[in-house]
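Per-entry structural report
If you want the building blocks of each chain, they are given just below.
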Amino acid sequence: MKKISLIKLAGILLLTFGITDLDFDNLLISTNYKAYISMIIGLIIVIISFFMPQKLKD
């Protein structure tokens, strides 16, 4: 089993919580700002952790 770092796990969890918190009936940013913020932060963390894995060792 491949080990996953805590930073990647945090990014994936933020993406997951953002998607589950999203109201799909009303996708306005004013009603879903928490979901959009967590998805954006999670996506940034995941992208950074995949492109620079040697600098983000736990």
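Residues numbered from 1 in each chain as written. Predicted model: local features only at pLDDT ≥ 70, side-chain atom pairs only at ≥ 80, totals over all residues. Heavy atoms only, no water.

**Considering helix α2 (residues 33-51)**
Here α2 spans 27 Å end to end across 19 residues, near enough to the 27 Å set by a 1.5 Å rise per residue. Within α2, the full set of buried residues consists of Ala-35, Ser-38, Met-39, Gly-42, Val-46 and Ser-49. Looking straight down α2, one finds its buried side chains confined to an arc of 105 degrees; they lie on one side. In α2, the exposed positions that point more than 90 degrees away from the buried face belong to Ile-40 and Phe-51. Residues of α2 that are buried sit in contact with α1 (6-21). (Helix = DSSP H or I, 4+ residues; strand = E, 2+ residues; numbered from the N terminus. Expected span 1.5 Å × (residues − 1). Buried < 20%, exposed > 50% of the residue type's maximum accessible area, 1.4 Å probe, protein only. Arc of directions from axis to C-beta. Contact = heavy atoms within 4.5 Å.)

**Notes on the side chain of Asn-32**
You can see Asn-32 is positioned in the loop between α1 and α2. Its relative accessible area of 4% is what places Asn-32 among the buried residues.

**Looking at the packing of α1 against α2**
Direction vectors running N to C along α1 and α2 enclose 155 degrees, while the axes themselves pass 7 Å from each other. Judged by the angle between their axes, α1 and α2 are roughly antiparallel. As α1 runs across α2, the sense of the crossing is left-handed. For the pair α1 and α2, the contacting residues are Ile-7, Lys-8, Gly-11, Ile-12, Leu-14, Leu-15, Phe-17, Gly-18, Ile-19 and Asp-21 in the first and Lys-34, Ala-35, Ser-38, Met-39, Ile-41, Gly-42, Leu-43, Ile-45, Val-46, Ser-49 and Phe-50 in the second. Looking at the contact of α1 with α2 residue by residue, the class counts come to 13 nonpolar, five polar and three charged. (Axes fitted to C-alpha atoms, helices over the stretch in contact; angles between N-to-C directions. Parallel < 35°, antiparallel > 145°, perpendicular 65-115°, else oblique. Left-handed = near helix turned anticlockwise from the far one by under 90°. Nonpolar A, V, L, I, M, F, W, Y, C, P; charged D, E, K, R; others polar.)

**Focus on a nonpolar patch on the surface**
A grouping of Ile-40, Leu-43, Ile-44, Ile-47, Ile-48, Phe-51 and Met-52 is seen on the molecular surface, where their side chains present a nonpolar patch of about 670 Å² in accessible area. Of note, Ile-40 is situated in helix α2. (Patch = residues over 30% accessible without salt bridge, like charges linked within 9 Å, V, L, I, M, F, W, Y side chains within 5 Å. Areas by Shrake-Rupley, 256 points an atom, 1.4 Å probe, with all protein chains shown as cover. Salt bridge = Lys/Arg side-chain N within 4 Å of Asp/Glu carboxyl O.)

None of the figures reported here should be taken as evidence of function without further support.
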